[in-house]
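Fold and geometry: a report
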Number of protein chains: 2
Amino acid sequence: MITLTEENYIKAIYHLGKQGVETVNTNAIAEALQTKASSVTDMLKKLAEKGYADYIKYQGVNLTLEGKKIAIGIIRKHRLWEVFLVEKLNFKWDEVHQVAEDLEHIKSEKLIDQLDAYLKHPTHDPHGDPIPDRDGNFKQIEKILLSQATLGKKYQCVGVKDTSSAFLNYLDANTIALGTEIVLLHKEPFDQSIKIKINSREITVSQNVAKNLFLKTV
Amino acid sequence: MITLTEENYIKAIYHLGKQGVETVNTNAIAEALQTKASSVTDMLKKLAEKGYADYIKYQGVNLTLEGKKIAIGIIRKHRLWEVFLVEKLNFKWDEVHQVAEDLEHIKSEKLIDQLDAYLKHPTHDPHGDPIPDRDGNFKQIEKILLSQATLGKKYQCVGVKDTSSAFLNYLDANTIALGTEIVLLHKEPFDQSIKIKINSREITVSQNVAKNLFLKTV
DNA sequence: ATAAAAATTTAGATTAATCTAAATATAAAT
DNA sequence: ATTTATATTTAGATTAATCTAAATTTTTAT
Ligand SMILES: [Mn+2]
Ligand SMILES: [Mn+2]
Ligand SMILES: [Mn+2]
Ligand SMILES: [Mn+2]
């Protein structure tokens, strides 16, 4: 039996070690979960004992294969619920995270498989993140940050890095949504701000925005 | 802040004291929640301290107005989720209880209100139990048990008392569903078994069945 | 190479929920 | 009115998750 708290730690470790390859350190987990480093240490011992993680004192932690499978299962549930909330229950894309954080822990194979089918097997969540299938497989779309895009090229918006309400509301206000086409017009060397054309309208966005918007070439 | 465990106790107390009028005793709660009487005593003290229940040592417990409001809120969520599972996710009526038991604890006003709207404000769950509205109001339909029905009269099946898979599967096998019309043909004095006509078919059901099927006159 | 700083772990407590076994109170039976 | 049985509570432990403060290890800077 795995507890809700263990699940949250496993998911955090997975996210911090991109795709579960890098070693994750204690403070990063504490920061991510808004808890104290000493609590993290305790939990890492437990996760190691239960076979979900490889942990070496003072050296950091890695998920085992089993740990990764669990993480991906939780992420699958989280993102499917997010799709449900937006598509069926009229949530905005900045309102779903909190609720999905709880719904992701509901344990029922049938529930999640039926939900997946009901939503027509979506491949991405409302923020453009990929949804693993039943077997844990998912393909990360080839995407780059707006800040790394090349001048003159045409792109399509496919995801966000920052999922805070502040950022998502900014995008809403500027009619930037997933699927929106963007042409990179100018990069200002002084402050790295970027002028783009969206929906036949020209706007300038800050470096901060450019570093949190994912694009794909089109 | 109210914990998941406290919510389960409050709901159990509510259900045991029909509509929250009768005094509920420790052992009944322990039985309902599959726990030990000593654990219940501890929790009753806490619920009383938090203002959710009135509790007198050795005398039993009652929910306060606030406690009842909480109980009804949880029941509303439980039953709405049950409707969702059956109507949208193809669950059978004997499969929903376990999952709803967890979903009922998800805390989000918007979630439950939107779910309610999405389901078109259902008034009854898949077992015929009434769903409280936002304000906690619900009208108990006038219903009697098949065992108390009168000979020759025509009824409609409107609910079940026992919600076990065994019983629900029995009803499925005999094509008895909510809405099904039933005519009472004969009551056998020997074993209280009852002969009924359903869907132009005559069958005999045991007293046990008759005591768990709710009907309304039609 | 040493000292200072930062990261991490340990020690010792706390809170929530649970349990077993013993004590006490209430209810039922003689 | 006692005794017996049943119900309930208390006492004392346990497990999960967390915290603060102190100790230790690792990293960085001089
Ligand atoms: Mn979570
Ligand atoms: Mn998301
Ligand atoms: Mn529950
Ligand atoms: Mn029900």
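Residues numbered from 1 in each chain as written. Chains lettered and ligands numbered in written order. Predicted model: local features only at pLDDT ≥ 70, side-chain atom pairs only at ≥ 80, totals over all residues. Heavy atoms only, no water.

**Remarks on the relation of the copies chain B and chain A**
For the match of chain B to chain A, the screw axis carries a shift of 0.0 Å, the RMSD comes to 0.0 Å, and the turn is 180°. What the rotation and shift describe, once combined, is the action of a two-fold rotation axis. Considering only C-alpha atoms, the part of chain B nearest the rotation axis is Leu103 of chain B, at 3.8 Å. A symmetric contact is evident, with 100% of the interface residues of chain B recurring at the interface of chain A. (Least-squares fit on C-alpha atoms with pLDDT ≥ 70 in both. Contact = heavy atoms within 4.5 Å.)

**A short note on the pairing of strand β7 (residues 201-205) of chain A**
Consecutive residues of a regular strand have side chains that alternate between opposite faces of the sheet. Residue and element names in this part refer to chain A. In this structure, strand β6 (residues 194-198) lies alongside β7, joined through 5 bridges in antiparallel fashion. Bridging across to β7, Ile194 finds its partner in Val205. Count of turn residues in the β6/β7 antiparallel hairpin: 2 residues, of which Asn199 carries a positive phi of about 45°. (Pairing = 2+ DSSP bridges. Helix = DSSP H or I, 4+ residues; strand = E, 2+ residues; numbered from the N terminus.)

**Observations regarding the coordination of the manganese ion (ligand 2)**
Looking at the manganese ion (ligand 2), one finds its protein donor set to be Glu82 of chain A (OE), Asp125 of chain A (OD) and His127 of chain A (ND1), positioned 2.1 to 2.3 Å from the metal centre. In primary-sequence terms, the residues that donate to the manganese ion (ligand 2) follow E-x42-D-x1-H. (Donors = N, O, S within 2.8 Å, 3.2 Å for Na, K, Ca; no water.)

**A look at the nonpolar core**
Phe84 and Leu115 of chain A together with Phe84 and Leu115 of chain B are the most contacted members of the largest nonpolar core, which totals 33 residues. Breaking this core down by element, the ones donating at least two residues are α4 (65-87), α5 (96-103) and α6 (109-118) of chain A together with α4 (65-87), α5 (96-103) and α6 (109-118) of chain B. With near-sequence residues (within four places) excluded, Phe84 of chain A lies in contact with Leu89, Leu115 and Leu119 of chain A together with Phe84, Leu115 and Tyr118 of chain B. (Core = buried A, V, L, I, M, F, W, Y, C linked by side-chain atoms within 4.5 Å. Buried < 20%, exposed > 50% of the residue type's maximum accessible area, 1.4 Å probe, protein only.)

**Considerations on the protein's contact with DNA strand C**
DNA strand C sits among 21 residues. The nearest are Tyr55 and Lys57 of chain A together with Thr3, Ser39 and Lys46 of chain B. Protein-proximal atoms of DNA strand C, defined as those within 4 Å of the protein, fall in sugar or phosphate at a share of 76%. The separation between a phosphate oxygen of DNA strand C and a polar side-chain atom of Thr3 of chain B is 2.5 Å. In this structure, a base oxygen belonging to DNA strand C sits 3.1 Å away from a side-chain N or O atom of Ser38 of chain B. (Near = heavy atom within 4 Å. Polar contact = N/O pair within 3.5 Å; in protein donor to acceptor, adjacent residues only side chain to side chain.)

Note that all results are geometric; they support no functional claim without further evidence.
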